[in-house]
Amino acid sequence: MQTVGRFAPSPSGRIHLGNILCCLLAWLSARQKGGRVVLRIEDLDTARCPRRYAGRMEEDLRWLGLDWDEGPAVGGPDGPYYQSERTALYQAALEKLEQRGMVYPCFCTRAELHAASAPHREDGQVVYAGTCRRLTAEQAAERARRTGRAPALRLRVPEEEWAFTDGHMGPYRENLARDCGDFLLRRSDGMFAYQLAVVVDDAAMGVTEVVRGADLLDSTPRQLYLYDLLGLEPPHFIHFPLLLAPDGRRLSKRDADAGLDTLRDRATAAEILGKLAYLAGFNPSGAPRAAEELLTDFAWDKVPTADIRIPEGLF
């Protein structure tokens, strides 16, 4: 089977070094195996991800030399390649789960969830306590009338462990009920949740390999559960460590950290990729390298598993 990799950026601002590293690793991992690359624009939140940002992101990726075989401006058999144009697919998957009795309405607000005495994970995220799980149809209708707003929709999860072996981070497991609780499939404003959309899209686009940051490692058991419920074949997952600012902060589009809007004025694409490959362990000299020139030296066993802090002044 041919490897099909993908990069799926969310265009909420100009891409930064962390986004570029993700695209570079996904591109190298697929291309080294002779595989294809799909570009998908994850713009479900159209207010935060206007189309002009997506267009600039595509231009930035081309400037970096990171091309794709399917996606915007290229086309392909599995389009459209903007999530905002794929909501009918998510609705069909949601209805399939509803028919199995796996979905229920949730009227909890974000403020209520954080104020509740629900369990919290080590990273501070709330584990949903199942507050609305046992509402009858009559109670749900009354709650909707009283609140005057549409409910979110959650997926029931079992009290069982889901485990997998990550292609870089190794074995990982979670008890769905204890570690995340029933999770969202659609928000109260009608926007489909990331967990559902990414599963439906990766399966529909024939993706066999997902390369993404370690901040999404804990999403994988939830997604594997969805793959199973929907009768879909899951891809091979490879998570890599996060790239941090010199002061240890996570890079953010909001703060324009290490963004291409400034980097392109002072560095070539080969200089940026060469330094990123240096940080990722497979370009020891840090010399400028084009993406294709990195293919011979790239190997996952050279990439660290701990988060990578960018040295002051490197870029």
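Just above sits the structure.
Residues numbered from 1 in each chain as written. Predicted model: local features only at pLDDT ≥ 70, side-chain atom pairs only at ≥ 80, totals over all residues. Heavy atoms only, no water.

Q: Mind showing me how you'd approach the overall build of the protein chain here?
A: The helix and strand tally for the protein chain stands at 10 helices and 11 strands. By the compact-globule yardstick of 20 Å for 315 residues, the protein chain fits well, its C-alpha radius of gyration being 20 Å. In the protein chain, which comprises 315 residues, the proportion classed as buried is 50%. Look at the contacts in the protein chain between residues 6 or more apart in sequence, and 76% of them connect residues 24 or more apart. Counting every atom, the protein chain has about 14400 Å² of accessible surface; 49% of that belongs to carbon and sulfur. Mean positive and mean negative side-chain charge positions of the protein chain (40 and 45 charges, respectively) differ by 4 Å. (Helix = DSSP H or I, 4+ residues; strand = E, 2+ residues; numbered from the N terminus. Rg over C-alpha atoms; globule rule 2.2 N^0.38 Å. Buried < 20%, exposed > 50% of the residue type's maximum accessible area, 1.4 Å probe, protein only. Contact = heavy atoms within 4.5 Å. Areas by Shrake-Rupley, 256 points an atom, 1.4 Å probe, with all protein chains shown as cover. Lys, Arg positive; Asp, Glu negative; His and termini not counted. Charge placed at Lys NZ, Arg CZ, Asp CG, Glu CD.)

Q: For this particular structure, what's the right way to read the environment of tyrosine 90?
A: Its place among the elements puts tyrosine 90 in helix α3 (residues 87-99). Separated by 92 residues in sequence, tyrosine 90 and aspartate 182 have C-alpha atoms that sit 18 Å apart. Leaving out residues up to four positions away in the same chain, tyrosine 90 has contacts with Leu44, Gln83, Phe192, Leu196, Ala197, Val200 and Asp201. A polar side-chain atom of tyrosine 90 sits 2.6 Å from a polar atom in the side chain of aspartate 201. (Polar contact = N/O pair within 3.5 Å; in protein donor to acceptor, adjacent residues only side chain to side chain.)

Q: Help me understand the packing of helix α7 (residues 194-204) against helix α8 (residues 220-230) in this model?
A: Each packed pair of helices is defined by two parameters, the angle between the axes and the distance between the axes. One can describe the packing of α7 onto α8 by two numbers: an axis separation of 10 Å at closest approach and a directional angle of 55°. By the angle class used here, α7 and α8 are oblique. The way α7 lies across α8 gives a crossing that is right-handed. Here Tyr194, Gln195, Leu196, Val198, Val199, Val200, Asp202 and Ala203 of α7 lie close against α8, whose contacting residues are Arg222, Gln223, Leu226, Tyr227 and Leu230. (Axes fitted to C-alpha atoms, helices over the stretch in contact; angles between N-to-C directions. Parallel < 35°, antiparallel > 145°, perpendicular 65-115°, else oblique. Left-handed = near helix turned anticlockwise from the far one by under 90°.)

Q: Looking at this structure, I do not really get the sheet that holds strand β7 (residues 183-186). What am I missing?
A: What holds strands together in a sheet is hydrogen bonding between their backbones, with the strands either parallel or antiparallel. Read across the open sheet, the 3 strands follow the order β3-β4-β7; overall the sheet is antiparallel. In this open sheet, the two strands that pair with only one neighbour each are β3 (103-106) and β7. In this sheet, neighbouring strand axes are inclined to one another by 45° on average, regardless of whether the strands run parallel or antiparallel. Pairing analysis gives 3 bridges linking strand β4 (residues 152-155) to β7, with the strands arranged antiparallel. In the sheet register, leucine 155 faces β7, and the bridge partner there is phenylalanine 183. (Pairing = 2+ DSSP bridges.)

Q: I keep staring at the state of the cysteines and nothing clicks. Help me out?
A: Such a bond, covalent and formed between the sulfur atoms of two cysteines, is termed a disulfide. Per the counting criterion, the structure on display carries 0 disulfides. With no disulfide of its own, cysteine 22 lies closest to cysteine 23 among cysteine sulfurs, the gap being 5.6 Å. You can see cysteine 49 has no disulfide; the closest cysteine sulfur is in cysteine 23, sitting 14 Å from it. (Disulfide = S-S within 2.5 Å.)

Q: Quick question: what am I supposed to make of the pattern of salt bridges here?
A: When the charged atoms of two side chains with opposite charge come close together, those side chains can pair. Tallying each qualifying case throughout the model produces 26 salt bridges. A salt bridge links glutamate 142 to arginine 145; the shortest N-O distance between them is 2.7 Å. In this pair, glutamate 142 and arginine 145 both sit in helix α5 (residues 137-147), 3 residues apart, roughly one turn of the helix. Classification of arginine 145 as exposed rests on a relative accessible area of 59%. Linked through salt bridges whose partners overlap, the residues forming this network are Arg6, Arg40, Glu42, Arg86, Asp201 and Asp202. (Salt bridge = Lys/Arg side-chain N within 4 Å of Asp/Glu carboxyl O.)

Q: So what exactly am I meant to see when it comes to the nonpolar core here?
A: A general feature of soluble globular proteins is that nonpolar side chains tend to end up buried together. Among the nonpolar cores identified, the biggest contains 48 residues, and Phe7 and Leu17 are the most heavily contacted of them. Of all elements in the fold, only α1 (17-32), β2 (36-39), α2 (51-64), β9 (236-240), α9 (260-263) and α10 (269-279) reach the threshold of two or more residues within this core. The element best represented in this core is α1, accounting for 10 residues. (Core = buried A, V, L, I, M, F, W, Y, C linked by side-chain atoms within 4.5 Å.)

Q: Teacher, can you tell me more about α10 here?
A: Turn by turn, an α-helix covers 3.6 residues, leaving residues three or four places apart pointing in a common direction. Along α10, the residues that are buried comprise Ala269, Ile272, Leu273, Gly274, Leu276, Ala277 and Leu279. Against α1, α2, β10 (243-244), α9 and β11 (308-309) lie the buried residues of α10.

Q: What am I meant to see in the packing of α3 against α7 here?
A: For the pair α3 and α7, interaxial distance at closest approach is 10 Å and the crossing angle is 105°. In terms of orientation, α3 lies roughly perpendicular with respect to α7. Here Leu89, Tyr90, Ala93, Leu94 and Leu97 of α3 lie close against α7, whose contacting residues are Leu196, Ala197, Val200 and Asp201. When the residues that make up the contact of α3 with α7 are grouped by side-chain class, the tally is 8 nonpolar, no polar and 1 charged. (Nonpolar A, V, L, I, M, F, W, Y, C, P; charged D, E, K, R; others polar.)

Q: It is not clear to me how the packing of aromatic side chains should be interpreted in this structure. Could you clarify?
A: Counted by the stated rule, this structure contains 6 aromatic pairs. Measuring from centroid to centroid gives 5.6 Å for tryptophan 162 and tyrosine 225, while their planes differ by 65°, and the two rings are edge-to-face. Of the two residues, tryptophan 162 is situated in strand β5 (residues 161-166) and tyrosine 225 in helix α8; the sequence distance between them amounts to 63 residues. For the pair formed by tryptophan 162 and tyrosine 225, the shared burial category is buried. Ring plane angle 70° and centroid distance 6.1 Å describe the contact between phenylalanine 164 and phenylalanine 237, whose orientation is recorded as edge-to-face. Placement of the pair is phenylalanine 164 in strand β5 and phenylalanine 237 in strand β9, with a sequence separation of 73 residues. Across the pair, phenylalanine 237 and phenylalanine 164 agree in class, each one buried. Positioned over the ring face of tyrosine 82 is arginine 51, at 3.7 Å from the centre of the ring. In this structure, lysine 275 is placed above the aromatic ring of phenylalanine 315, and the distance from its NZ or CZ to the ring centre is 5.7 Å. (Phe/Tyr/Trp six-rings, centres within 6.5 Å; stacked < 30°, edge-to-face > 60°. Lys NZ or Arg CZ within 6 Å of the ring centre and 35° of its normal.)

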